[in-house]
Amino acid sequence: MSKPKAGFYWCASCGGCEESVVDLAEDLIAVVAAIDFAFFPCAMDFKREDVEAMKDGEMAVCFINGAVRSSEQFEMVELLRKKSQLIIAYGSCAHMGGIPGLANLYDLESLLKRVYSETESTDNPSGTRPLPQTTVPGGKLTLPTLDESVKSLDQVIPVDYYIPGCPPPTPLLKAAVEAVLSGKLPPKGSVLAPDHALCKECPRIDSKPEDLLIKEFKRPHEIQIDTEKCLLAQGLMCLGSGTRAGCAAVCIKGNMPCTGCMGPVSRVRDHGGAMMGAISSLLEYTEEDQIVAALDSVVDPVGTFYRYGVPASMMFRKHKAPAIGGH
Amino acid sequence: MSNLSLPQTAAGNDGFEPRIVAFFCNWCTYTASDLAGISRMTYAPNTRVIRVMCSGRIEPQLILAALRKGADGVLIGGCHPGDCHYQVGNYKCLRRFKLLKRYFEQMGIEPERVRLEWIAASEGDKVQKVTNEMVEQVRKLGPLNLAEPPKPHHQAAVCAVAAEGAVS
Amino acid sequence: MFMENKASDGEQPRVGVYVCYCGMNIASKVDVEAVRQFAEKLPNVVVSRTYKFMCSDPGQELIAHDIKEQNLNRIVVASCSPLLHDATFRKACAKAGLNPFYFTMANIREQVSWVTANSAAATKKAEALVAAAVARVAMHEALEKKRVPVHADVMVVGAGISGIHAALLLANAGKKVYLVEREPSIGGHMGQLDKTFPTLDCSACILTPKMSEVKNHPNITLWTLSEVQEVSGFSGNFKVKVKRNPRFVKLELCVACGQCVEACVFKEGRVPDEYNIGLSKHKPIYMPFPQATPASVLIDPNACLKLSRGKCASKCVEACDRAAIDFEQKVEYSEVDVGAIILATGYQLFDAKKMPEYGYGKYPNVYTMIELERLVNAAGPTQGEIVMRDGRKPKRVGIIHCVGSRDKRHHPYCSSVCCMVSLKMAHLIRERIDAEVFNFYIDMRTTLKGYEEFYDRVLHDGVNFVRGRVAEVTDWAMTPGEEGKLVIRVEDTLIGVVRRIPVDMVVLATAMEAHDNADDVRRKFNISCSKEGWFLERHPKLAPVSTFSDGIFLAGVCQGPKDIPESVAQAGAAAAEALALVDKGFVEIEPNSACIDADTCSGCKTCVPLCPYHAITFDAEKKISAVNEALCKGCGTCVGSCPSGAAQQKLFTDEQLHQEIEGVLNYV
């Protein structure tokens, strides 16, 4: 009996999700024994034609990580959707847009300008930019085009399950593979991770006071971080109170506050909104000017509360207000 | 604006009528809104009031949802500081609102579109004034037209085999 | 998607929508039939009807009939404000066998038809609100109101005529009443009056028997020199902390013989007598006024040498053969449990110095009306003689109406009683000293029983009436006849001439206004004030004695200017409502409390410090938080701050509110 086929593809990705597969360590042996990687461009020499040659639904499951922005990524994920029975959005980028999603705060033109002309180390006096196609002696060369916005995977193709995290904790990947193989899967659309917030699993929860009132926020480099006390209580912006658990609180154990990479729990509609609501409620002040002054210590609200989830947020991208006087 | 003025359709505005979702707290703002009605104060018809018991119930997700679903502006009404029927709920609302405003600043939402007002139960005229003012401001700004997040093309999709749920 | 929504209890919602004409109140602006048609097409709507008056019996019958015949499990009524008729329609649903909380209202009257000029816009707005209500109600759950027992005791704050009347009614009904009064004696402003209009009854004669009844009533605990410090709890179960200031005299021993006052080392009074509006002075130990109740002297700790400096011969102690004087008395605090509270804190008078053009405080012979009351009162500083500060009896008196009232600079309202008071005084002055009297008025407001007849009587007294707002009172004489007089400059609008009328004495009918500390007081009781500073009633027409805080009632001028019969009537009404509350034995709590799902709470403790009532506790063992429903007041603050959606508020769940948002935006 042939092993079920699996795919592992990357879109706008840093490669960390691929490394998380390697992090399975010894468990990788069992995984490889149970499934057949039919498409894993990072690790093995597969080409697009290999996918195109497959029958529809030939792959039992395809894990896709990275956000979607380029025409190539768009085409690939559509193709993989056709050829897979299950699509699992793997990692924060596929789940919510991830770090690349922060590009939605800019328009494409200003991004290209920055990257190709303006960065401190760029030397490009002619302002050369990548183009969709060019003709060279050998023929026509093409490059993928870029969409105006970064998207999460489910904004491009229907997604069956999500494995959150940046990168996803390896136990979640292992459990997902086991679930796929055994057929014991939750309802479609579920996130394959516990459905409660990190505080429940945090080793420092006992030190979190019941009367927490925050005077101002501190960034990790600004204080000597106590290794045992609740990080929010120390004034650090820890999003553990509203971020999905399942990561074994590795960041907290590393003495750093949670930045929200696992996304929200299922009952929340907008992760950043829920976090802004929760955290600001705990400010000590009642006078408007004191509140504003305290919030000045939140240096970058979008980057803080929507670090991994701008495309998945209700606003999706920065709003372009019409020019003054026009509509 | 006088009691009897109608919302004027600005020239060149294509007759755009802003839609404003208003979250009013039961004890102060909603009561004041009723009082404005009892006193027959006329104001712009562009707001749609959603009643909550306290402005402390209002959180960013509700405001974001309103904008996402098509509102051109959101108005929040609560009791004056110190007068909250539940002591301090309005302060929580204020804190959340201030942070949300910082977020909206970064995200390019014009400040006039999301507004927090303290309106006491006896201030029916303030409901009238604030509503008229905000509608005019938002009308000048034009429709919000937030970018729509895309949806997958092939919803029905995908794969007949996937529908069976079997793994081969 | 909205279409697919099953109700939160799993059943398919079957919604009945009822759009009310409300006579012409709604129908004059909203196309009710169009709204009905619109509602019919909304998802889950099975029945959509209109009716002229939904709140009437036949209207409610309509709902009951459809619930039974059409198997409806959700009801929406689009009519007036839920603050008015939510309870009415909930009862109708309950009567028909449907849980009353499967009901919601769309306010298309107070917030649509009454405030929108354009009919098309009004209809559209009504449709949006109906769509929101229909979307919301599908997410409603069956709920039960909780019953909590009430305390049978009542507190009355303020012991003027209103407080006294309410306290006596309640005490006679067998209730234990705590009557709290700030001043050393009960009686309020009415005690300061000489005669009351229109019958010219002696004020003290009709008031003092009631004061005496209060003192002797076994059910009334009277605390004078006392103020409410703190109120907590809720309707039926208030906890009130009262601060009781020391009198420095033992109430149970003092018989008001006055020997101590005689003996006091002060040869004469030095402290301006507040009761006499500073027209006389009293000694540090003094009797507030002859009929003061409780009948006891008291000591002003700031004026008394023994209390302020620690050194005095204390002749008063020697003189008292009852050993009633006690310099050791301290402030005491009492805490009581009561079921209802009646506020009867009365008013203060407008400070005429704010209108310098009338010369009060500048010219010694300009008086306020209350000062004149004290002058004509036989127990007052001049033993009832109308004698001015310079010792002369006036031959001509000018009475100026509306000082501080009907004035955009000060109070826009009419103080209701000043016209009658001014007429009364005009009559008394004519009667007592036969002086010439001029009344300067804007309008004559003599509306109630016997008032117009009284006005007529005064017209025949030979009083001069000048219709005009006085511009100025000046001592600057332009003719020999004006030397030494106060000249009143006024436009006599009936003859169209500006006149200068020299008088000896000017009396200002000052406005009634809310106490300076009304805002602080009302915050203690968690009620609102109106724009003019009066305590706010629940509804100006139909609920003038109750407030938005259940269990707190209003009586007398603290709710708005009124005269004595109106105050007494209102006090009776407040007492009746308080009685209804405590006699019922229980109160029903609106089931809009918060609850935290134990399965989804992650124990982040975000909500715990945010609850104003400390209703949330963290279970260190289970590592989750829970809401104590008995303490929760249903504000929803915890729900708004829960970052994992584990806290929800009944009747205001996330799902319900998001459906409302969806409804107002997506169907119109």
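Note that the structure is predicted; figures quoted are calculated from it, not measured. In every chain, residue numbers begin from 1 and rise along the written sequence. Following the order in which they are written, the chains are lettered starting with A and the ligands numbered starting with 1. In keeping with the model being predicted, local features are shown solely for residues with a pLDDT of at least 70 and side-chain atom pairs are shown and tallied solely at 80 or more, while totals for entire chains, interfaces and linings include all residues. Side-chain figures throughout are based on the complete set of non-hydrogen atoms in the structure, without hydrogens or water.

### Notes on the overall build of chain C
Here comes step 1: Each helix and strand in chain C was counted, giving 17 helices and 34 strands.
Here comes step 2: Taking the principal axes of its C-alpha atoms as reference, chain C extends roughly 90 × 70 × 40 Å.
Here comes step 3: The burial tally for chain C puts 58% of its 668 residues in the buried class.
Here comes step 4: What makes two residues a contact is simply this: any of their non-hydrogen atoms within 4.5 Å. Considering only intrachain contacts with a sequence separation of at least 6, the fraction spanning at least 24 residues in chain C is 69%.
Here comes step 5: Here the Shrake-Rupley method, with its probe set to 1.4 Å, supplies the accessible areas, and only the displayed protein chains count as covering residues. For chain C, the exposed surface amounts to about 27,400 Å²; the carbon and sulfur share of it is 51%. A run of H or I in DSSP counts as a helix once it spans at least four residues, and a run of E counts as a strand once it spans at least two, with each numbered from the N terminus. To sort residues, take the accessible area from a 1.4 Å probe on protein chains only and compare it with the maximum for the residue type: under 20% means buried, over 50% means exposed, and anything in between is partly exposed.

### Notes on helix α10 (residues 288–295) of chain A
Here comes step 1: Residues of α10(A) that are buried: A:I291, A:A294 and A:L295. Summarising the axial view, the buried residues of α10(A) lie within an arc of 95°, below the 170-degree limit, and thus occupy one face.
Here comes step 2: Those residues of α10(A) that are buried lie in contact with α3 (89–106) of chain B. Read the arc as the range of directions from the helix axis to the C-beta atoms.

### Structural notes on the interface of chain B and chain C
Here comes step 1: Contacts between the two partners involve 52 residues from chain B, matched on the other side by 54 residues from chain C.
Here comes step 2: Buried surface at the junction of chain B and chain C, summed over both partners, amounts to about 4,500 Å²; 57% is from carbon and sulfur atoms.
Here comes step 3: A simple way to read buried area is as the amount of 1.4 Å-probe accessible surface that goes missing from two parts once joined, with both sides added. On the chain B side of the contact with chain C, B:R48, B:R57 and B:K69 bury the most area, a combined 16% of that side's loss.
Here comes step 4: Take a side-chain nitrogen of Lys or Arg and a carboxyl oxygen of Asp or Glu: if they are within 4 Å of each other, that pair is a salt bridge. Here chain B and chain C share 5 salt bridges between them.
Here comes step 5: Between B:D83 and C:R523 there is a salt bridge, and its shortest N-O distance comes to 2.4 Å.
Here comes step 6: Two N or O atoms form a polar contact when they lie within 3.5 Å of each other; inside protein one atom must be a possible hydrogen donor and the other a possible acceptor, and for residues adjacent in sequence the pair counts only when both atoms belong to side chains. Scanning the region where chain B abuts chain C turns up 19 residue pairs in polar contact (both at pLDDT 80 or more).
Here comes step 7: Of all the elements in the fold, those that place two or more residues in the side of chain B that touches chain C are β1 (20–25), α1 (26–38), β2 (47–52), α2 (60–68) and α3 of chain B.
Here comes step 8: Under the convention adopted here, Pro, Cys and the residues Ala, Val, Leu, Ile, Met, Phe, Trp and Tyr are nonpolar, Asp, Glu, Lys and Arg are charged, and Gly plus all remaining residues are polar. Broken down by class, the residue content of the side of chain B that touches chain C amounts to 24 nonpolar, 14 polar and 14 charged.

### Here we look at the interface of chain A and chain B
Here comes step 1: Across the boundary between the two partners, chain A contributes 54 residues, which contact 48 residues of chain B.
Here comes step 2: Around 4,300 Å² of area is buried between chain A and chain B when both sides are counted, 64% of it from carbon and sulfur atoms.
Here comes step 3: A per-residue breakdown of the area chain A buries against chain B is headed by A:M314, A:M315 and A:H319, which together make up 17% of the total.
Here comes step 4: Residue B:K98 pairs with A:E288 through a salt bridge whose shortest N-O separation is 2.9 Å.
Here comes step 5: Where chain A touches chain B, the interface holds 14 residue pairs in polar contact (both at pLDDT 80 or more).

### Points about the nonpolar core
Here comes step 1: Core analysis: the largest hydrophobic core is formed by 192 residues, its most contacted members being A:I64, A:L153, A:F305, B:Y103, B:F104 and C:I75.
Here comes step 2: Sort the elements by how many residues they give to this core and helix α5 (residues 119–137) of chain C lands first, with 9 residues.
Here comes step 3: Residue contacts for A:I64: discarding those within four places in its chain leaves A:Y9, A:C11, A:V77, A:L80, A:I87, A:I88, A:A89, A:Y90, A:A94, A:L153 and A:I157.
Here comes step 4: Remark: nonpolar core denotes a set of buried residues (Ala, Val, Leu, Ile, Met, Phe, Trp, Tyr, Cys) joined through side-chain atoms within 4.5 Å. Membership of the second largest hydrophobic core comes to 64 residues, among which are C:L200, C:V231, C:V240 and C:V521.

### Details of the domain arrangement of chain C
Here comes step 1: Domains are outlined according to an automatic or database domain assignment. If you check the domain split of chain C, you get domain 1 (15–145), domain 2 (155–237 + 335–346 + 514–584), domain 3 (259–319), domain 4 (350–512) and domain 5 (594–649).
Here comes step 2: Taken over C-alpha atoms, the centre of domain 1 of chain C sits 33 Å from the centre of domain 5 of chain C.

### Some remarks on the pairing of strand β22 (residues 436–441) of chain C
Residue and element names in this part refer to chain C.
Here comes step 1: Within β22, 5 of the 6 residues are buried, leaving the element largely enclosed by the surrounding structure.
Here comes step 2: In this scheme, strands are said to pair when DSSP sees at least two bridges between them. As paired strands, strand β21 (residues 396–403) and β22 are joined by 5 bridges and run parallel to one another. Looking at the pairing, I400 lines up with F440 of β22.
Here comes step 3: With helix α12 (residues 418–433) bridging β21 and its parallel neighbour β22, the resulting β-α-β unit is right-handed.
Here comes step 4: Relative to strand β23 (residues 464–467), β22 runs parallel, the two being bridged by 4 bridges. Across the sheet, F440 pairs through a bridge with V466, a residue of β23.
Here comes step 5: Between the parallel pair β22 and β23, the chain is carried across by helix α13 (residues 451–459), and the sense of this crossover is right-handed. If you view a crossover with the strands going away from you and the path from the first strand over the helix to the second runs clockwise, you call it right-handed.

### A look at unusual backbone geometry
Here comes step 1: The peptide bond linking A:C166 to A:P167 adopts the cis configuration, its omega dihedral lying at -5°.
Here comes step 2: A cis geometry characterises the amide bond from C:F197 onward to C:P198, with omega recorded as -10°.
Here comes step 3: Inspection of the secondary structure puts C:P198 in the loop between β8 (195–196) and β9 (201–202).
Here comes step 4: One non-glycine residue, C:L200, lies in the positive phi region at around 60°.
Here comes step 5: In this structure, C:F248 takes a positive phi of about 65° despite not being glycine.
Here comes step 6: When you line up the elements, C:F248 lands in the loop between β12 (237–244) and α8 (259–263).
Here comes step 7: Accessibility expressed as a relative area gives 7% for C:F248, which makes it buried.

### Remarks on the pattern of salt bridges
Here comes step 1: This structure, assessed with the given rule, holds 68 salt bridges over all chains.
Here comes step 2: Taking the shortest distance from any N to any O, the salt bridge between A:R48 and A:E52 comes out at 3.2 Å. Of this pair, A:R48 and A:E52 are both found in helix α3 (residues 48–52), 4 residues apart, which corresponds to roughly one turn of the helix.
Here comes step 3: The exposure class assigned to A:E52 is partly exposed, which follows from its relative accessible area of 41%.
Here comes step 4: Overlapping salt bridges bring together B:R115, B:E117, B:K126, B:K129 and B:E133 as one network.

### Describing the sheet that holds strand β17 (residues 332–338) of chain C
All names here are of chain C.
Here comes step 1: Strand order in the open sheet made by the 3 strands is β11-β12-β17, with antiparallel pairing throughout. Because the sheet does not close on itself, it has two edges, and the strands there are β11 (226–234) and β17. Strand-to-strand twist across the sheet, computed as the mean angle between neighbouring axes with direction ignored, equals 20°.
Here comes step 2: Alignment of β11 against β12, held across 8 bridges, turns out to be antiparallel. From the neighbouring strand, F234 faces β12, where its bridge partner is N237. Axis definition: a line fit to C-alpha positions, over the contact stretch in the case of helices; interaxial angles, taken between N-to-C directions, run 0 to 180 degrees.

### Some thoughts on the environment of C:G191
All names here are of chain C.
Here comes step 1: Mapped onto the fold, G191 is located in the loop between β7 (177–180) and β8.
Here comes step 2: Given a relative accessible area of 13%, G191 falls into the buried group.
Here comes step 3: Separated by 358 residues in the primary sequence, G191 and S549 have C-alpha atoms spaced 31 Å apart.
Here comes step 4: G191 has contacts with L207, Y275, R374 and N377, leaving out every residue within four places of it along the chain.

### Some words on a nonpolar patch on the surface
Residue and element names in this part refer to chain C.
Here comes step 1: Like-charged residues are merged into a patch within 9 Å and nonpolar side chains (Val, Leu, Ile, Met, Phe, Trp, Tyr) within 5 Å, provided each residue has over 30% relative accessible area and no salt bridge. There is a patch of nonpolar side chains on the surface, built from L494, I495 and V497 and spanning about 290 Å² of accessible area.
Here comes step 2: With respect to the element layout, V497 can be found in strand β26 (residues 497–503).
Here comes step 3: Classification of V497 by relative accessible area gives partly exposed; the value is 39%.

### What to know about the state of the cysteines
Here comes step 1: Our working definition of a disulfide is a cysteine sulfur pair at a distance within 2.5 Å. In the structure shown here, the tally under the stated rule is 0 disulfides over all chains.
Here comes step 2: A:C202 takes part in no disulfide bond, and the closest cysteine sulfur, belonging to A:C199, lies 6.4 Å away.
Here comes step 3: According to the relative accessible area criterion, A:C202 is buried, its value standing at 16%.
Here comes step 4: The thiol sulfur of C:C635 is not disulfide-bonded, and the nearest other cysteine sulfur, from B:C54, lies at 5.2 Å.

### Quick word on the side chain of C:Q192
Here comes step 1: Relative to the assigned elements, C:Q192 resides in the loop between β7 and β8.
Here comes step 2: Excluding residues that lie within four positions of it along the chain, C:Q192 makes contacts with C:E274, C:Y275, C:I277, C:I370, C:E373, C:R374 and C:N377.

### Focus on the packing of aromatic side chains
The way to describe two aromatic rings as a pair is by their centre distance and the angle between their planes.
Here comes step 1: Two rings from Phe, Tyr or Trp (for Trp, the six-membered ring) form a pair when their centres sit within 6.5 Å of each other. Planes less than 30 degrees apart are called stacked, planes more than 60 degrees apart edge-to-face, and all others tilted. Under the defined criterion, the tally for this structure stands at 18 aromatic pairs over all chains.
Here comes step 2: In this structure an aromatic cluster arises from ring pairing among A:F8, A:F37, A:F40, A:F63 and A:Y90.
Here comes step 3: The residue whose ring lies beneath B:R40 is C:W114, and the NZ or CZ to ring-centre distance is 3.7 Å.
Here comes step 4: Consider the ring centre and the ring normal. A charge sits over the ring if Lys NZ or Arg CZ is within 6 Å of that centre and within 35 degrees of that normal. The cationic tip of C:R136 hangs over the ring face of C:F652; the distance from NZ or CZ to the ring centre is 5.1 Å.

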